[in-house]
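Structure assessment
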Amino acid sequence: LDGSCISDGLVTQLKTLATNTVHRQRSGKRTSISSVESDQTCSNKSPEGGDRVELSAPLRAIAFAALGRCCLRKETLAKKSVELFVLYLNPNESVVVRNNVLLVLGDLCVHYTSLVDRFVPSMTELFRDKNELLRKQSAMIVASLLSEDFIKIRGSILLRFLYLLSDPAASVRHFAECVFARILHQRNAAIFAQNFLDVLCALNGWSGLSGFRAVEGNEEFSLLNSPLRRSVIYRFMLSLMTSDQKFNVCAQLVTTLLAAFVDAEDAQPLPTNTAEPAGQTLSDGLKILCCKEMRICFSTNKSALEDDDVDVVPDDKNAADAARGVLSGMLKKNMVDNILPVLVQLKGVMETQHSPFLKTLRHCLREVLRDFKDDLQAMLSGDPQLASEIAYDLQQEEHSGTAAVRQSGTGSGTAVVETGSSAAASGSSFTSAGGGALASKEGGSAASTGPGAPAAGKRQNQKRGLLEVNRPLPKIGGHSRRVSLATLMKSHSTLTATPHKDVDPPDTPCSEAGSAAQLRKRRRRLADGNVEKAASDGEKAGQSGPSKPAANTTKRRAPASSVMAHLRKTASGGA
C-alpha cells in the first residue's frame, strides 16, 4: 500500500468502523450514514437526530487490521493512533478485536520500537485473560519481540512471563518453559538467581521487604491463594540454576528474608497467620530452604551420586574423596557462621509469640541438619536442648522409616501368598476344564492350601458335568464312592464294549425281539401237537435271550432252564 494513497478520509472511515461509532442521520425522508471522529466518540455524543448503528465484532477487527497497515506506512499516523489501539485492549472488548489489536501493536513495535515500548505492560496484561487463545497469542507476540531484542526482559515483563509458567493451560505453560529454557536463560544464565527474591515477594503480593518492590504495579499477578502454582514457578527457576547460584539464593533467603524478622534495629513484625502476604512469603522461604532442589547447599551426597556413574581410578577416587571432605567442611562452616544463627534466633522469636510457623521452621532445621546429625552438639553448642530435639526427631524418622519398610515388605509377602492361593484355586478350575498343564505350573501350590480347595473344585466339576481328562478314572469299587455322572457314563460304556466274564451283558432290543418270536413259534407248535419241535424252539429262545453266569444260578434261574422244565411238565401232562 502506497503511503500517498492513504487520505484523511480513508483513515477517518477506518477509525469509525473500528471504534463502532457509525450513526444514521435523518434529514426529512432520506437517511444517510455519517461518521464521527474517535475523539468525539469518547464523549458519547451523536449527531442530532442520529441513530447509532451497532457493528459486528469481526467487521471491527478487520477495520483495526486495515488501520494498522496504514500506520505502518505513515509514522505520523502511527503516533496518533497507538494510544487508540492500546485503549481497545480492555477486557470489555471481544476476543477477535483484542487479538487483531495485539497483532497490530506487535508489528508497530517492530517498526517503531520506542513508540510502543512504553505500552508493552498493557500487552502483557493479557497474560491473565480468561481466554486461553488470547493468552497464548499474547505470549507468542511478546516472546517474538524478546527474542529479536526489540524489548528487554526486566521488571514487570519478567514477573508476568514467569506467571505463565503456572498457567492452567498446558500449551501456554509449555510455551513459556521453552521460551525461558531456549532463549532467555541462554542469554542470561543468572536471570533467575538475580531476581529470585523479587519474584518470591511479588508472587505473594508482599512489599514489606525493603529493596524488593516488584509487586508494585503487579498486584493482579499475585498468586497469594495458589501455593501449588507458586511452587511450580520456584521449582522451574531452581532447576535451571547452577550450584553456585543456589548458594547465592540460599544466602539471600537467610540473610535478607529471614533476617528481616529478627533484625534488632529494623525488624519486620512477625506475621500472625498464614493467610497474609508476609506469612506466605515467610513460609515459602522456609520451604525453599529445605526442598530437594536446595540439598546441594547442605550436603555432598548429590555429587557423590553423580560420581557413581563414572569409572574412576583409585587416585582420582581418593582426590574426589578429599575434595568432598573439604567441601563438607566448608558447608559446615557456612552453616555454623551464617545459617544456624538466624534460624535459631527466628525460632526463639516464634516460640515467644507462639507463631503458627514454628512447625515449618523446625522442619526446615531438621532437613538442613540431616547430614550433620553426628555433629549436632558441636554445631548447636549454644542450644543443647535444640540439638537433642533435632537428634531425637531424626532418630524417630529413621525408626519409623525402617518399620514402614518392614511392614511394607511383610504386607507384600502376604499379598504374594494370597495371590498364589488364588492362582492355585484358579488353576484347579483350569485343570477341570482341560488345562492341567497350566495349572501344574502356575497353581502347583494348590495342595498346600488345604483339602478344601480341591474338594470344592471337584464339587464344582460335578455340578458342571466336566470330565477330568488328565486324571485316571476312579475305581467304582474302591474308597472313592463319590464320582461324577460323566465318569459313571464312561465306565458303563467301556464295560459294555468289553463285557467281563463276571458281569451280565446288557439286553439289547434285537435279542429281546428274537426271544419273543421263538416263544410265539413254540406256542403254535404246541397247539398243533408237535412237542419235540416246540422243545427245540424253547432251547433256541433261551440261548438267544439273556443268560446268567454259573455263579449266579442259585439266585436267579436262567431263562432257558425254566422254559425246558415247563415244556417237559406240559409234555408229561399231555401224555
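Just above, that's the structure.
Procedures and definitions
- Residues numbered from 1 in each chain as written.
- Predicted model: local features only at pLDDT ≥ 70, side-chain atom pairs only at ≥ 80, totals over all residues.
- Heavy atoms only, no water.
- Disulfide = S-S within 2.5 Å.
- Helix = DSSP H or I, 4+ residues; strand = E, 2+ residues; numbered from the N terminus.
- Contact = heavy atoms within 4.5 Å.
- Salt bridge = Lys/Arg side-chain N within 4 Å of Asp/Glu carboxyl O.
- Buried < 20%, exposed > 50% of the residue type's maximum accessible area, 1.4 Å probe, protein only.
- Axes fitted to C-alpha atoms, helices over the stretch in contact; angles between N-to-C directions.
- Parallel < 35°, antiparallel > 145°, perpendicular 65-115°, else oblique.
- Left-handed = near helix turned anticlockwise from the far one by under 90°.
- Nonpolar A, V, L, I, M, F, W, Y, C, P; charged D, E, K, R; others polar.
- Polar contact = N/O pair within 3.5 Å; in protein donor to acceptor, adjacent residues only side chain to side chain.
- Phe/Tyr/Trp six-rings, centres within 6.5 Å; stacked < 30°, edge-to-face > 60°.
- Expected span 1.5 Å × (residues − 1).
- Bend = angle between axes of the 7 residues up to and from the residue.

Re the state of the cysteines
Scanning the entire structure with this criterion turns up zero disulfides. Considering cysteine sulfurs only, Cys-250 is the nearest to Cys-297, which forms no disulfide, with 4.7 Å between them.

Here we look at the environment of Gln-137
With respect to the helices and strands, Gln-137 occurs in helix α8 (residues 132-147). Separated by 35 residues in sequence, Gln-137 and Leu-102 place their C-alpha atoms 8.4 Å apart. Setting aside its immediate chain neighbours within four residues, Gln-137 contacts Asn-99, Leu-102 and Leu-103.

As for the pattern of salt bridges
Summed over all chains, the structure comprises 22 salt bridges. Note that Arg-366 is salt-bridged to Asp-393, the shortest N-O span being 3.8 Å. Residue Arg-366 is found in helix α18 (residues 358-368), and its partner Asp-393 is found in helix α20 (residues 384-432); the two are separated by 27 residues along the sequence. Put simply, Glu-398 and Lys-373 hold a salt bridge, and the shortest N to O gap is 2.5 Å. Here the residue Glu-398 occupies a position in helix α20, and Lys-373 occupies one in the loop between α18 and α19 (376-379), the gap between them amounting to 25 residues. Residue Glu-398 is classed as partly exposed on the basis of its relative accessible area, which comes to 39%. Since its relative accessible area comes to 42%, Lys-373 is described here as partly exposed. Among the charged side chains, a salt-bridge network with shared partners connects Arg-362, Arg-366, Glu-367, Arg-370, Glu-389, Asp-393 and Glu-397.

Here's the deal with the packing of helix α13 (residues 227-239) against helix α15 (residues 277-289)
Orientation of α13 relative to α15, taken along the N-to-C sense of each, is 40°, at an axis distance of 12 Å. As summarised for this structure, α13 and α15 are arranged oblique, according to the angle between their axes. α13 and α15 meet at a crossing whose hand is right-handed. Across the interface between the two elements, Arg-230, Tyr-234 and Leu-238 from α13 touch Gln-280, Asp-284 and Ile-288 from α15. Residue composition of the contact of α13 with α15, by class: three nonpolar, one polar and two charged.

Some remarks on the environment of Asn-131
Residue placement: Asn-131 occurs in the loop between α7 (120-124) and α8. Put simply, Asn-131 and Val-95 are 36 residues apart on the chain and 7.9 Å apart in space, counted from C-alpha to C-alpha. In this structure the side chain of Asn-131 is engaged in a polar contact, spanning 3.0 Å, whose partner is the backbone nitrogen of Leu-134.

Notes on the packing of aromatic side chains
Per the counting criterion, the structure on display carries ten aromatic pairs. Residues Phe-64 and Tyr-88 carry aromatic rings whose centres are separated by 5.3 Å and whose planes lie at 55° to one another, so their mutual orientation is tilted. You can see Phe-64 sitting in helix α3 (residues 57-73) and its partner Tyr-88 sitting in the loop between α4 (75-87) and α5 (95-111), a full 24 residues away along the chain. As far as the burial class goes, Phe-64 and Tyr-88 line up, both buried. Each ring, one from Tyr-163 and one from Phe-221, has its centre 5.1 Å from the other, and the planes form 85°; the classification is edge-to-face. One end of the pair, Tyr-163, is in helix α9 (residues 156-163); the other, Phe-221, is in the loop between α12 (196-203) and α13, with 58 residues separating them in the sequence.

A look at the environment of Lys-359
By secondary structure assignment, the location of Lys-359 is in helix α18. For the pair Lys-359 and Lys-347, spaced twelve residues apart in the sequence, the C-alpha separation amounts to 9.7 Å.

Here we look at α4
The terminal C-alpha atoms of α4 lie 19 Å apart, and with 13 residues this matches the ideal 18 Å at 1.5 Å per residue to within 8%. Within α4 the residues assigned to the buried category are Leu-77, Ala-78, Ser-81, Val-82, Leu-84, Phe-85 and Val-86.

Re the packing of α12 against α15
At a minimum axis distance of 9 Å, the contact between α12 and α15 shows a crossing angle of 135°. Taken together, the axis directions place α12 and α15 in an arrangement best described as oblique. Of the two possible hands of crossing, α12 and α15 adopt the one that is right-handed. On the side of α12, the interface is formed by Phe-196, Leu-200 and Cys-201, while α15 contributes Thr-281, Asp-284 and Ile-288.

Some points on the side chain of Arg-135
With respect to the secondary-structure elements, Arg-135 resides in helix α8. Polar contacts involving the side chain of Arg-135 include one to the main-chain carbonyl oxygen of Asp-129, which spans 2.8 Å.

Comments concerning unusual backbone geometry
Phi is positive for Asn-20, close to 60°, though the residue is something other than glycine. Mapped onto the elements of the fold, Asn-20 is located in the loop between α1 (8-18) and β1 (22-27). With phi around 65°, Asp-149 is a residue other than glycine that occupies positive phi space. Along the chain, Asp-149 falls in the loop between α8 and α9. On the basis of relative accessibility, which here comes to 46%, the residue Asp-149 falls in the partly exposed class.

A closer look at helix α10 (residues 170-187)
Taking 1.5 Å of rise per residue, the 18 residues of α10 would be expected to cover 26 Å, and the 25 Å separating its terminal C-alpha atoms lies within 8% of that figure. Phe-180 marks the point of greatest bend in α10, at about 35°. Those residues of α10 that sit buried are Val-172, Ala-176, Val-179, Phe-180, Leu-184 and His-185. Buried residues along α10 sit in contact with α8, α9, α11 (191-194) and α13.

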